[in-house]
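# Coordinate inspection notes
Next come the chains, spelled out residue by residue.
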Amino acid sequence: MITRFAPSPTGKLHLGGARTALFNFLLARHNGGQFVLRIEDTDTARSKSENVTSILGALQWLGLEWDGQPVFQTARTELYQQYADKLVDQGLAYWCHCSQEKIDATRAQLLAEGQKPRYDRTCRELNLGPAPGATIRFKTPLEGSIGWTDLVKGPIVIDSQELDDLVIFKSDGQPTYNFAVVVDDMTMGITDIIRGDDHVNNTPRQILFYQAFGHPLPAFGHLPMILGADKAPLSKRHGATSVMAFKALGYLPEAIINCLARLGWSHGDQEIFSLDELIKYFDLAHVGKSGAVFNQDKLLSLNAHYIKQTDPAALAEIMWPYLEDKGYTRPAGDMLTKMAKSVQIRGKTAVELADLSEFYLKTRIRSTDYALVRKTLTSQGMEVLKEASEALLHQPDIDHEGFEAILKKLSEKLEISIGAVARPIRLALTGSMASPPLFEIIKILGPETVQSRLLAAGH
RNA sequence: GGUCCCAUCGUCUAGCGGUCUAGGACACCGCCCUCUCACGGCGAAAACAGGGGUUCGAGUCCCCUUGGGACUACCA
């Protein structure tokens, strides 16, 4: 089995493309086959090499390793030419000298008469040769039907009268998409073509070409589209859609893979899948037939799950770039790991992790919420800070139990609730009312920083 | 317009004729836990688009309607 992913480098790798790549990857790996890449760059006006780099980078980041070297269509023009010539020689295709204007005119006329707009096949039996501005058209059978059993949609049949005499070679000497794809898939030995729903209508045309070449048909499977919240196909206007944009937002590749896999595929009630598990369980039989709305909340929750799963040291590395962006210098030793661990269950993205742990690195804690400061650092609050500072001074290596005891003692001494004791300390230490547990913060920050922050807030 | 595809909670989905008074997950709401925020635990609410068949029996099979979508290029 050989599957392929064939992006055109007209943009970055987006969610839809990533899922197509994932399913092809999974199908191949599940069956011990190959997964290859083809870059469809024949649209030279819109194709950019930096997009190729970025698409390959995104696939790598996701962990979708491909076999061999990517094939570039622009390097194979001669091959397409040979195959087109073959069809012309066999009388299965023909040179067409009709001008674009003429074709447009007949199309418009047919449309006006309420008929199907199509080429009128003027040149079909004229046996013309090459000429400037000429195209090569395929002799589509005038009758009969074309069908295949789609791997995800089931049997599909279409009347060949629905099809025009397709142009296979453009007047600029480049093959058309449908033709190039077939030549590529044949010569690359692709056995299973898994692609987006939008290609269902291309399939009968491509089948015609396979038949013309006397080449066995590959299996086709068409994946439903990924939609935005408004049920329209996912696009830029739905916000972040490129894989790397999600990386920048602090999402983990495991979460994106898991999320994408569950968009249109299922394995009973299981929700969490590692890439290895996906390879083990993946099958086309459980791919759904209808479009799926991409739900970023679900991705977020999956991301939170994988963040919780990640080893704190590794998480520190994932989180660090975002802290670095804020202008901090990297702390020494395992400080960063401790920080990551303390916010691990609180942050749902690497960005949130950085935001939540930022207070550890600040040189000065300041809250801009003045109302809160006024409410918390009352004379009583100040008293708490002073007392806490003294209590902690004698117990720098505090643990949960020990800190609870200190809080309790203070609460009894000052005759206020435990919460009222904790509040000013939390504000002094973190600048916020939401943070990891105080004893944990104290341990990570160390006695000197704790003292100075308590004192600084006391003024 | 024509051709093709699709249709279960708000969303992703399980379901492959009887085990469905329809299960799971996310989100939402409530309760518990608790030094805050979270995590976690427990619970609630929430769907078979509509209409005809077939069958002893239909979410599951067939047809129609409705509603979505794709394609209809010398774009990929």
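Preceding this paragraph is the structure being described.
Another point: the side chain of glutamate 387. On the secondary structure map, glutamate 387 appears in helix H15 (residues 379–393). Of note is the side chain of glutamate 387, whose polar atom sits 2.9 Å from the side chain of lysine 413. Once residues within four sequence positions are removed from consideration, glutamate 387 is found in contact with Leu410 and Lys413.

What follows deals with the environment of leucine 87. Tracing the sequence through the fold places leucine 87 in helix H3 (residues 77–89). Accessibility expressed as a relative area gives 0% for leucine 87, which makes it buried. Distance in space between the C-alpha atoms of leucine 87 and arginine 137 is 9.7 Å, their sequence separation being 50 residues. Those residues in contact with leucine 87 that sit more than four places away from it in its chain are Leu92, Ala93, Phe138, Ile168, Phe179, Ala212 and Phe213.

A contiguous patch of negative charge, built from Asp397, Asp399, Glu401 and Glu404, is present on the exposed surface. Of note, glutamate 404 is situated in helix H16 (residues 400–414).

The full set close to RNA strand B counts 61 residues, and Lys170, Gly264, Lys298, Met433 and Ser435 are the nearest of them. Backbone atoms, meaning sugar plus phosphate, form 68% of the atoms of RNA strand B positioned within 4 Å of the protein. In the environment of RNA strand B, a sugar or linking oxygen lies 2.9 Å from a nitrogen or oxygen atom belonging to the side chain of lysine 153. Here asparagine 201 contributes a side-chain N or O atom positioned 3.3 Å from a base nitrogen of RNA strand B. Those elements that provide at least two residues to the surface near RNA strand B are helix H4 (100–112), strand E5 (135–138), strand E7 (154–159), strand E12 (292–293), helix H10 (296–309), H16, helix H17 (418–430) and helix H18 (438–445).

Turning our attention to the packing of aromatic side chains. Counting across every chain of the model gives 15 aromatic pairs. Ring centres 6.3 Å apart and planes at 70° place the aromatic pair phenylalanine 169 and phenylalanine 179 in the edge-to-face group. Placement of phenylalanine 169 in strand E8 (residues 167–169) and of phenylalanine 179 in helix H5 (residues 177–187) is noted, with a sequence separation of 10 residues between them. For phenylalanine 179, a relative accessible area of 0% translates into the label buried. Between tryptophan 265 and phenylalanine 282 the ring centres are 5.7 Å apart and the planes differ by 35°, which places this aromatic pair in the tilted class. With a gap of 17 residues between them, tryptophan 265 in the loop between helix H8 (253–261) and helix H9 (275–281) and phenylalanine 282 in the loop between H9 and E12 connect regions that are remote in the sequence. As far as burial versus exposure is concerned, tryptophan 265 and phenylalanine 282 are alike and both buried. In textbook terms, an aromatic cluster arises when at least three aromatic residues are bridged by ring pairs, as seen for Tyr83, Phe138, Phe169, Phe179, Phe209 and Phe213. It is lysine 86 that lies over the ring of tyrosine 83; its NZ or CZ is 4.2 Å from the centre. Lying over the aromatic face of tyrosine 119, arginine 137 brings its terminal NZ or CZ to 3.8 Å of the ring centre.

Attention shifts here to the environment of alanine 340. Take alanine 340: it is sitting in helix H12 (residues 335–343). When its relative accessible area of 0% is taken as the criterion, alanine 340 is described as buried. The spacing of alanine 340 and proline 312 is 28 residues in sequence and 5.9 Å in space, taken between C-alpha atoms. Sequence-distant contacts of alanine 340, defined by excluding residues within four places in its chain, comprise Pro312, Leu315, Ala316 and Met319.

Checked against the element boundaries, glutamate 50 lands in helix H2 (residues 49–62). According to the relative accessible area criterion, glutamate 50 is exposed, its value standing at 53%. C-alpha of glutamate 50 to C-alpha of lysine 12: the two residues are 38 residues apart in sequence and 9.0 Å apart in space.

Rules used throughout
Along every chain, residues carry numbers that run from 1 in the direction the sequence is written. Throughout, the order in which chains and ligands are written sets their labels, letters from A for the former and numbers from 1 for the latter. Only residues with pLDDT of 70 or above have their local features reported here, since the model is predicted, and side-chain atom pairs are shown and tallied only from 80 upward, although totals for entire chains, interfaces and linings are computed over all residues. Derived side-chain values reflect all non-hydrogen atoms in the structure, with water molecules and hydrogen atoms excluded from consideration. Helix and strand assignments come from DSSP, with helices taken as H or I runs of at least 4 residues and strands as E runs of at least 2, each series counted from the N terminus. Pairs of N or O atoms are called polar contacts if they sit within 3.5 Å, as long as, within protein, a hydrogen donor faces a hydrogen acceptor (for residues adjacent in sequence, only side-chain-to-side-chain pairs). In this analysis, two residues are considered to be in contact whenever any of their non-hydrogen atoms come within 4.5 Å of each other. Remark: exposure states derive from per-residue accessible area (1.4 Å probe, protein chains only) relative to the maximum for the residue type, with buried under 20%, exposed over 50%, and partly exposed in between. Two joining distances apply to patches: 9 Å for like charges and 5 Å for nonpolar side chains (Val, Leu, Ile, Met, Phe, Trp, Tyr), and every residue must have over 30% relative accessible area and no salt bridge. Using the Shrake-Rupley algorithm and a 1.4 Å probe, accessible areas are obtained, with residue cover drawn only from the displayed protein chains. Each reported salt bridge corresponds to a side-chain nitrogen of Lys or Arg within 4 Å of a carboxyl oxygen of Asp or Glu. Only four residue types enter the charge count: Lys and Arg as positive, Asp and Glu as negative, with His and the chain ends excluded. Charged side chains are reduced to one point each, which is NZ for Lys, CZ for Arg, CG for Asp and CD for Glu. Summary of the distance rule: residues count as near a molecule or strand when at least one heavy atom falls within 4 Å of that molecule or strand. Two aromatic rings, drawn from Phe, Tyr or Trp (for Trp, its six-membered ring), form a pair once their centres lie within 6.5 Å of each other, and the interplanar angle then sorts them: stacked below 30 degrees, edge-to-face above 60, tilted otherwise. Cation placement over rings: the criterion is NZ of Lys or CZ of Arg within 6 Å of the ring centroid and within 35° of the ring normal.

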